[in-house]
Amino acid sequence: MDLRLEHVTKSFGAQGSAVEALRGVSLDVSSAALVALMGASGSGKSTLLHLVGGLDSPTSGSIWVGEVDVAGLRGRRLVQHRRRVGFVFQAFNLIPGLTAEENVGVPLIPYTSASTAKARSRELLAEVGLSERLDALPGQLSGGQQQRVAIARALVADPALILADEPTGNLDSENADTVMEVIATVAAARGATVLLATHDPEVAGRCGRVVTMRDGRIVGDRSTDDVGA
Ligand SMILES: Nc1ncnc2c1ncn2[C@@H]1O[C@H](COP(=O)(O)OP(=O)(O)OP(=O)(O)O)[C@@H](O)[C@H]1O
Ligand SMILES: [Mg+2]
């Protein structure tokens, strides 16, 4: 799915003492692209991901996800938008008392039977290389494995857009590598668009495009195609 941000601003707090997290961000991302968002802490990466995912709304500007301007969505249409998006977070956010298979199936609970959810969860866990650990609880899995479960969960409802906020932030470099490989592979297999915030240049290097933010603005935008050109 294509993504287009037009002059997006976001302020938090009361006028006068407001924090301007985004100060006019415009960005075009083509369908099936894998884009890294870099920039210092506080530069606005997470805020941008939250707005695109419909977890929060901008102060001004438009956010086109496919044919829909997410900025104005409310109620049922907002819920529909969030269903098109898969979120992956730094802290995995798995439910401790549920097995890997159960965790992956959670987003499907309102929409499908338990047996369909189970079958679908198994498919996804196989795709991220965890067929052997279906019955493991999160606490019995390594950080990299937990993040792969979280990726499977993010994908279980077939999102066209994947938003990942420092998905490798809690992982060592070897696990970070595996997780990036999984994200790139599963996204490519579906033609899903990925927007991924990271502080790690190696992780960013695996993305086809690197957008750099500073103080709520985009200050750099580089495609790997440009390298050496
Ligand atoms: N809910 C909020 N209320 C008030 N200020 C906020 C809120 N969320 C974010 N901010 C502020 O907006 C700015 C951008 O924050 P954001 O979380 O987007 O940065 P970031 O680039 O993701 O940083 P990090 O790399 O540390 O995750 C910061 O100044 C932050 O303090
Ligand atoms: Mg952040």
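Reading the values: the criteria
Residues numbered from 1 in each chain as written. Chains lettered and ligands numbered in written order. Predicted model: local features only at pLDDT ≥ 70, side-chain atom pairs only at ≥ 80, totals over all residues. Heavy atoms only, no water. Axes fitted to C-alpha atoms, helices over the stretch in contact; angles between N-to-C directions. Helix = DSSP H or I, 4+ residues; strand = E, 2+ residues; numbered from the N terminus. Parallel < 35°, antiparallel > 145°, perpendicular 65-115°, else oblique. Left-handed = near helix turned anticlockwise from the far one by under 90°. Contact = heavy atoms within 4.5 Å. Nonpolar A, V, L, I, M, F, W, Y, C, P; charged D, E, K, R; others polar. Buried < 20%, exposed > 50% of the residue type's maximum accessible area, 1.4 Å probe, protein only. pLDDT = per-residue confidence, 0-100. Salt bridge = Lys/Arg side-chain N within 4 Å of Asp/Glu carboxyl O. 1 Å grid on protein atoms, 1.4 Å probe; cavity = no way out; pocket = protein on both sides within 12 Å on 5 of 7 lines; lining within 4 Å. Points joined across faces, edges and corners; volume = space filled by probe spheres on them. Phe/Tyr/Trp six-rings, centres within 6.5 Å; stacked < 30°, edge-to-face > 60°. Lys NZ or Arg CZ within 6 Å of the ring centre and 35° of its normal.

Draft legend 1. Structural context of the packing of helix 5 (residues 143-155) against helix 6 (residues 173-190). Two numbers describe how helix 5 lies on helix 6: the axes approach to 9 Å, and their chain directions differ by 15 degrees. Between helix 5 and helix 6, the angle is such that the two are roughly parallel. In this structure, the crossing between helix 5 and helix 6 has a hand that is right-handed. When helix 5 is examined against helix 6, the residues Gly144, Gln147, Arg148, Ile151 and Leu155 are found in contact with a partner set consisting of Asn175, Thr178, Val179, Val182, Ile183, Val186 and Arg190. Taken together, the residues that form the contact of helix 5 with helix 6 break down as six nonpolar, four polar and two charged.

Draft legend 2. Examining the environment of leucine 141 more closely. Along the chain, leucine 141 falls in the loop between helix 4 (114-127) and helix 5. Leucine 141 sits in the buried class, given a relative accessible area of 8%. As for leucine 141 and alanine 100, which are separated by 41 residues in sequence, their C-alpha atoms are 9.1 Å apart.

Draft legend 3. Broad picture of the environment of leucine 195. Counting through the fold element by element, leucine 195 comes out in strand 8 (residues 193-197). With relative accessibility at 1%, the residue leucine 195 sits in the buried group. Look past the residues within four positions of leucine 195 in its chain and what remains in contact with it is Leu3, Val29, Val35, Leu48, Leu49, Val52, Ile162, Leu163 and Ala164.

Draft legend 4. Focus on the confidence of the model for the protein. Mean pLDDT over the protein stands at 94; residues scoring 70 or higher make up 98%. Per-element mean pLDDT across the protein ranges from 91 in helix 2 (residues 75-83) up to 98 in strand 9 (residues 209-214).

Draft legend 5. A look at the pattern of salt bridges. According to the stated counting rule, one finds twelve salt bridges in the structure shown. Note that arginine 120 and glutamate 123 form a salt bridge whose closest N and O atoms lie 2.9 Å from each other. In this pair, arginine 120 and glutamate 123 are both assigned in helix 4, three residues apart and thus about one turn of the helix distant. Residue arginine 120 is classed as buried on the basis of its relative accessible area, which comes to 19%. The network of salt bridges with common partners includes Arg120, Glu123, Glu127, Asp158 and Arg190.

Draft legend 6. The layout of surface pockets, seen in detail. Each pocket or cavity is described by its volume, and for the largest pocket that value is around 390 Å³. Those elements that place two or more of their residues in the lining of the largest pocket are helix 2, strand 6 (85-89) and helix 5. Per-element tally for the lining of the largest pocket: the top contributor is strand 6, with four residues. Of the residues belonging to the lining of the largest pocket, the class tally is 13 nonpolar, one polar and three charged. Its boundaries defined by the atoms lining it, the second largest pocket holds a volume of some 190 Å³. Glu102, Gly105, Ala114, Ala117 and Lys118 are, among the 13 residues lining the second largest pocket, the residues nearest its centre. Looking at the lining of the second largest pocket element by element, the count peaks at four residues for helix 4. Residue composition of the lining of the second largest pocket, grouped by class: six nonpolar, four polar and three charged.

Draft legend 7. Here's a closer look at the packing of aromatic side chains. Under the criterion given, the structure shown has one aromatic pair. Relative to phenylalanine 89, the ring of phenylalanine 87 lies with its centre 5.8 Å away and its plane at 5 degrees, an arrangement referred to as stacked. With a relative accessible area of 18%, phenylalanine 87 lands in the buried category. A residue is classified by how much of its surface remains accessible, and phenylalanine 89, at 27% relative accessible area, is partly exposed. Between the NZ or CZ atom of arginine 83 and the centre of the ring of tyrosine 111, over which it lies, the distance is 3.5 Å.

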